[in-house]
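# Inside the fold
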2 protein chains.
Amino acid sequence: MQASIISIGDEILIGQIINTNASWMAQKLNEIGVHVHEVITVSDTANHITQAVDQAFQKTDIILVTGGLGPTKDDVTKKTLADYFESDMTFHQDILNDLERYMQKRGRPMLDSIKSLALMPSKCEVIRNQKGTAAAMLFEKEGKILVSMPGVPYEMKDFMERVVLDRIKTQFNTPTILHKTIICAGQGETVLAEKIKSVTEALPPHIKMAYLPNMGIVRLRLSGSGQEETQLQAEINTYTQQIWDILHPKYAIGFHKDKLEAVVGKLLLEQNATLSTAESCTGGLVAHKMTTIAGSSRYFEGGAVCYSNRLKQELLGVKTETLEVHGAVSEACVKEMAQGAVKNFNTTYGVAISGIAGPGGGSPEKPVGTVWIGVANQERVFAKKLSLPRTRELVTAVSATMALVFLRRFMLGII
Amino acid sequence: MQASIISIGDEILIGQIINTNASWMAQKLNEIGVHVHEVITVSDTANHITQAVDQAFQKTDIILVTGGLGPTKDDVTKKTLADYFESDMTFHQDILNDLERYMQKRGRPMLDSIKSLALMPSKCEVIRNQKGTAAAMLFEKEGKILVSMPGVPYEMKDFMERVVLDRIKTQFNTPTILHKTIICAGQGETVLAEKIKSVTEALPPHIKMAYLPNMGIVRLRLSGSGQEETQLQAEINTYTQQIWDILHPKYAIGFHKDKLEAVVGKLLLEQNATLSTAESCTGGLVAHKMTTIAGSSRYFEGGAVCYSNRLKQELLGVKTETLEVHGAVSEACVKEMAQGAVKNFNTTYGVAISGIAGPGGGSPEKPVGTVWIGVANQERVFAKKLSLPRTRELVTAVSATMALVFLRRFMLGII
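Let me begin by describing the structure that accompanies this report. (Residues numbered from 1 in each chain as written. Chains lettered and ligands numbered in written order. Predicted model: local features only at pLDDT ≥ 70, side-chain atom pairs only at ≥ 80, totals over all residues.)

Moving on, we get to the interface of chain B and chain A. Quite often, the size of an interface is put as the accessible area lost when its parts meet. Taken together, the contact pairs 46 residues of chain B with 46 residues of chain A. Residue assignment for the side of chain B that touches chain A shows that the elements contributing at least two residues are α1 (10-13), α2 (20-31), β2 (35-42), α12 (285-291), β14 (300-306) and α13 (309-316) of chain B. Broken down by element, the residue count for the side of chain B that touches chain A peaks at seven residues, all from β14 of chain B. The residue inventory of the side of chain B that touches chain A, partitioned by class, reads 23 nonpolar, 19 polar and four charged. The pairing of strand β2 (residues 35-42) of chain A with β2 of chain B spans three bridges and is antiparallel. Across the sheet, residue I40 of chain A finds its bridge partner in β2 of chain B, namely I40 of chain B. (Contact = placed C-beta atoms within 7 Å. Helix = DSSP H or I, 4+ residues; strand = E, 2+ residues; numbered from the N terminus. Nonpolar A, V, L, I, M, F, W, Y, C, P; charged D, E, K, R; others polar. Pairing = 2+ DSSP bridges.)

Residue and element names in this part refer to chain A. Tracing the backbone shows P389 in the loop between β17 (381-387) and α16 (392-411). Measuring from C-alpha to C-alpha, the distance between P389 and I356 comes to 10.0 Å, with 33 residues separating the pair along the chain. Residue contacts for P389: discarding those within four places in its chain leaves P367, V368 and G369.

To continue, consider the nonpolar core. Formed by 145 residues in total, the largest nonpolar core has its most connected members in C184 and A338 of chain A together with C184 and A338 of chain B. Apart from residues no more than four positions distant in its own chain, C184 of chain B is found in contact with L192, V218, L220, L247, Y251, A252 and I253 of chain B. Among the nonpolar cores identified, the runner-up in size contains 90 residues, and V36 and I49 of chain A together with I95 and L146 of chain B belong to it. (Core = buried A, V, L, I, M, F, W, Y, C linked by C-beta atoms within 7 Å. Buried ≥ 20, exposed ≤ 12 C-beta atoms within 10 Å, placed from the backbone.)

Residues and elements named next belong to chain B. Burial within strand β1 (residues 2-8) is extensive, with six of its seven residues counted as buried. The pairing of β1 with β2 spans seven bridges and is classified as parallel. When the bridges of β2 are listed, S7 appears paired with T41. Where β1 and strand β3 (residues 62-66) come together, five bridges link them in parallel fashion. Considered in β3, the bridge of I6 is made with V65.

Glancing now at the relation of the copies chain B and chain A. Each copy of the sequence occupies a distinct position, and chain B is placed on chain A by a rotation of 180 degrees and an axial shift of 0.7 Å, giving an RMSD of 0.9 Å. Both copies of the chain, as the preceding transformation shows, are related through a two-fold rotation axis. Comparing interface residues between copies, 100% of those in chain B also sit at the interface in chain A, which points to an isologous, same-surface contact. (Least-squares fit on C-alpha atoms with pLDDT ≥ 70 in both.)

This is the structure we're talking about:
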């Protein structure tokens, strides 16, 4: 089963916004076994939209269109599609009611341009908008479907998840596709692939494995297709378990969309423990990551950003001698920083990072990308050196992830 | 002048990566007066690529292709284009030398698949790669051009900025388009537009104004088109200066790509001053922003992430009474936090943030999105409340920007 995605909007063609909708839709379509043949972005003009729709119908059975449905004069999609499907327009009182409620709730006036959103092509199925103003339209043509949705991402996502994906599954009898994702942290895909070779090489043809790496995190996604859902689910569970048994606890940290900072937070809660941070080159990024999780105040106390050596000494008690003999980017320094955090901030665990993010500041012994991570509690302390020869941005981002990787392993007692 | 962008890659069609290349290229093309007619994403297959190229040549004069040029077997673009242009292949010793140097520098082996990158279609102009491995190809056909570049963003950008944009300008006699951007911070576009109405309403038709808002920052871009560059430049400079005079120093902070954190950093250097931070709800984001600027260690000392009230007291000297009477999210608390940073971290300036990022923790008097910002030096202290009723992520991101906005105004003595 093949689909086309048509994105309508001059704001994409002038590069003002990035087409994130298309990626999201492609991902969701793939997950239900629909292959995206192509993605095309066209301008807000009737000719261009008609041409793209016409070509898409020639090539594919499912056409998803986003954009060009608002009340402004630039948005011509509705009229163009009505013309394309040779449809007149029908007034929908229920949509007008939706719109009135929506505008009233926001204290905004009911302009004529908004009222025009209640006029819809007679030949389409109307899907009401529960997140915004413009309704979606579903047209059928010779067993094929075209769905036109607003371009606002969270409105489009609601239409897709509430109606469109299910409709595609039912109407096109798509295969049962099941996915299970294991989240791994702190190890690259090549090593992971090597470790689980015994499992992946034995996978039957209808179950595939994908590696999705991003900044120190690798998502391993098993996807199976078949007709009998219960059996397929059992198979996927078995293989997932086999991989988990190999990679957990060191590399595999969770499933589905688990985030490393949330996994660490959960572990802190389970241990009834608290955390503080002591950051140099990451400048507060680890602390910020921890606080992106709602409720993190239950276990995250805070910490120090010690960009200067003076603050490393004053806030964390790093010794002058350590800085003089070993420098700020050293095993001795991050150990004292992590221990200083535990002691001075009175937390169960402390995590410390000191490195050279570049572009300046490197030396032959300590080139740009040299980063030391330290983790401590009251009993012991661990430190590890990383070599990350990349840009300033990547050095800090990967360092922050690795700090949490080592913290987690330390908390589990496996380093 | 019209262009098409063709993005090749299954990883885009399965939604694994977002097509940021196309937006960037569209932006750059628009800046030199080239209109992007459409953007199309196709799979890594010869048929599909050929079809897209063929259609693009029918519609437009400039075709930019990215992706599908690496050494792996999935990458079929080079062969497909050679076939399309009926070209045989030529071996390029200079490219092989580039590749050998590149691999050697990274300690990677010279595989046959890498060597194959030195074979290029005879009918194309080869543009050597200065950032990666695969060279770019420029084909001409009946006065039209097609440029095929690798899909790696920083390689593509280098090709565009080093060769392709200039080539387009020369070959197609594009109009002179000049841009000048003023960066504003801490005020929304509606208010800014109102303030500079006297200038924008008097703009001649060939000079346009665009507002590009993003998280507390608004870029005001003046774009002019014409034939006579010197005169156009003078006109744009005049209008820019008029706008600058209205918006500076309070709102307008810089030009072109100036970043708020860099502007603040420059100001600190000029004043021979230092900064420390005291962050609660932003969890280190302000500190992290400051440290994204290379060389920030000259003025940024570090600071405290005081997520817990205990650390607010211990590290910043916030009084128990303040927390009990006013709470952590209060004018009194951020003032003490900012002053505590100045005193305890011994810096010229201190900036503090305390707020309710949500989703929990709100109350009728202090709903989610209530954020207090404090700025202090040894002589005085300033505090301001923000109401940001959005998501946790937006509350922290906008708060961090606003903290630097108020810090800058405080340093300039205008608040």
